Amino acid sequence: MDTTALITKFKTTRNATEEICKPLEIEDYSVQPIVDVSPPKWHLAHSTWFFEQFVLKAFKKGYTVFNDDFAYLFNSYYNNAGERVLRPNRGLMTRPTVKEVYAYRKFVTQNVIDLLTENSSEVLLELLEIGINHEQQHQELLAYDIKYILGHQPTFPKYDAHFVLSEAQEKQEFISIEEGVYEIGHKRNDFCFDNELGVHKVYIHPFEISNQLITNKAYLEFIEAGGYQDFNLWHAEGWDFINNNNIKAPLYWHFTKGKWHYYNCNGLEAIKLNEPVMHISYYEAFAFAEWKGMRLPTEFEWEVASSKFNWGALWEWTASAYQPYPNFTKADGALGEYNGKFMIGLQVLRGASIATAKNHSRHTYRNFFHPSLQWMFSGIRLVK
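Residues numbered from 1 in each chain as written. Predicted model: local features only at pLDDT ≥ 70, side-chain atom pairs only at ≥ 80, totals over all residues. Heavy atoms only, no water.

Going by an unreviewed UniProt entry, the protein carries the name Ergothioneine biosynthesis protein EgtB and comes from Winogradskyella damuponensis. The annotation that UniProt attaches to the protein under Pathway (unreviewed entry) is "Amino-acid biosynthesis; ergothioneine biosynthesis." (UniProt positions renumbered as here; feature names shortened; annotations may be inferred.)

Printed below as a string of structure tokens:
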């Protein structure tokens, strides 16, 4: 690994996180409306603690932590790294202040840069690369969380035009994929997460996959046809969930003044019919596919076909449960908790979104969320 290039990437990543927060007011930084949404201040601090915990404390001789309380306040789920504030309580922390958190970021960033001028061991550089990719994941989560925080305010304030979709330009077609045995998993020598390994073969039956994501127009037809009232379309768990939570449309959709609007980063606007439908749960994606007489692709079908269509606007739900690949192995200690312990009860999404870091947009990347969640940038691609 090139140390100079990695230092540049590290600096760029640290700056990019702070750029995402620039449009915020100070009052926005500590808000946690629901358990799935973490305050922006917490993201800024947690991604910093990651470097302090796994890079500086392990490799920098004589390093003194910025604040003894921060490991407890800003650890996320790493049991091997010690006790922590529970996730639902992140929004209770008005202290430390935002000013202190930015000072913490500056302190840790400079210490990491100083360390790399002294030590360029392969193990250190690999850990730094994991930290960079970890922070880039939090940049996307920041986009989700900021949108949720602002999108649930009574006045629907504008954030920034950065995370806005484009309307579909191509005509919808279905691409045929031949049956056969295909290799799945990350094969290159560049960075990937452990859940993209090991490489293995799967048998794929012939199928056809859409070259386009489902649009707002198509999804609106589902709503108007009574899709949210027809239990035959839904998994039992999904049917219970939408009824218990009174869900009748994608997240951020509002029927007002006689028509549908949605909140995006420009504020509340009339729905653009040709944009991909966004903020869809797996429950909804499955029900829509049932209504269309089609289905969602498996994650293996998606990976095999993904070189034949454009993707990257939204994460795409698949029909695959999040499970380990053959020969999957976890690292020792806290970093082994990164992906492996979540391989139960979650659904795989493939592709990328308008908020995904560019180097994360690869054919083998496996995202994963609970089937009920809508707040991430998620959409639908169908198979027949």
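**Some details on unusual backbone geometry**
Cis peptide bonds are those with omega within 30 degrees of zero, and the linkage from Arg95 to Pro96 qualifies with 0°. Locating Pro96 in the fold gives a position in the loop between helix H3 (70-74) and helix H4 (98-118). The step from Leu197 to Gly198 runs through a cis peptide bond, and the omega angle for that step is -10°. One non-glycine residue, Asn246, lies in positive phi territory at about 55°. Of note, Asn246 is situated in the loop between helix H7 (236-244) and strand E5 (253-256). Its relative accessible area of 55% is what places Asn246 among the exposed residues. Unlike most non-glycine residues, Lys257 shows phi in positive territory, near 55°. Note that Lys257 resides in the loop between E5 and strand E6 (259-264). Taking relative accessible area as the criterion, Lys257 reaches 82% and is therefore assigned exposed. (Helix = DSSP H or I, 4+ residues; strand = E, 2+ residues; numbered from the N terminus. Buried < 20%, exposed > 50% of the residue type's maximum accessible area, 1.4 Å probe, protein only.)

**Points about the UniProt feature "domain: Sulfatase-modifying factor enzyme-like" (unreviewed entry) in the protein**
If you check UniProt for "domain: Sulfatase-modifying factor enzyme-like" (unreviewed entry), the listed places come out as residues 172-307 and 312-384 in our numbering. Measuring from the first to the last C-alpha atom of residues 172-307 gives 16 Å, for a span that is 26% helix and 24% strand. Note that residues 312-384 is 0% helix and 23% strand, and that its end C-alpha atoms are spaced 21 Å apart.

**Examining the packing of aromatic side chains**
How two aromatic rings sit relative to each other is given by the distance of their centres and the angle of their planes. Applying the stated criterion to the full structure yields 47 aromatic pairs. Note on Tyr219 and Tyr228: the rings are 6.3 Å apart at their centroids and 75° apart in plane angle, and the pair reads as edge-to-face. Comparing Tyr219 with Tyr228, the two get one shared label, buried. Both rings, one in Tyr219 and one in Trp253, keep their centres 6.4 Å apart while their planes meet at 75°; by these two values the pair is edge-to-face. Residue Tyr219 is found in helix H6 (residues 216-224), and its partner Trp253 is found in strand E5; the two are separated by 34 residues along the sequence. (Phe/Tyr/Trp six-rings, centres within 6.5 Å; stacked < 30°, edge-to-face > 60°.)

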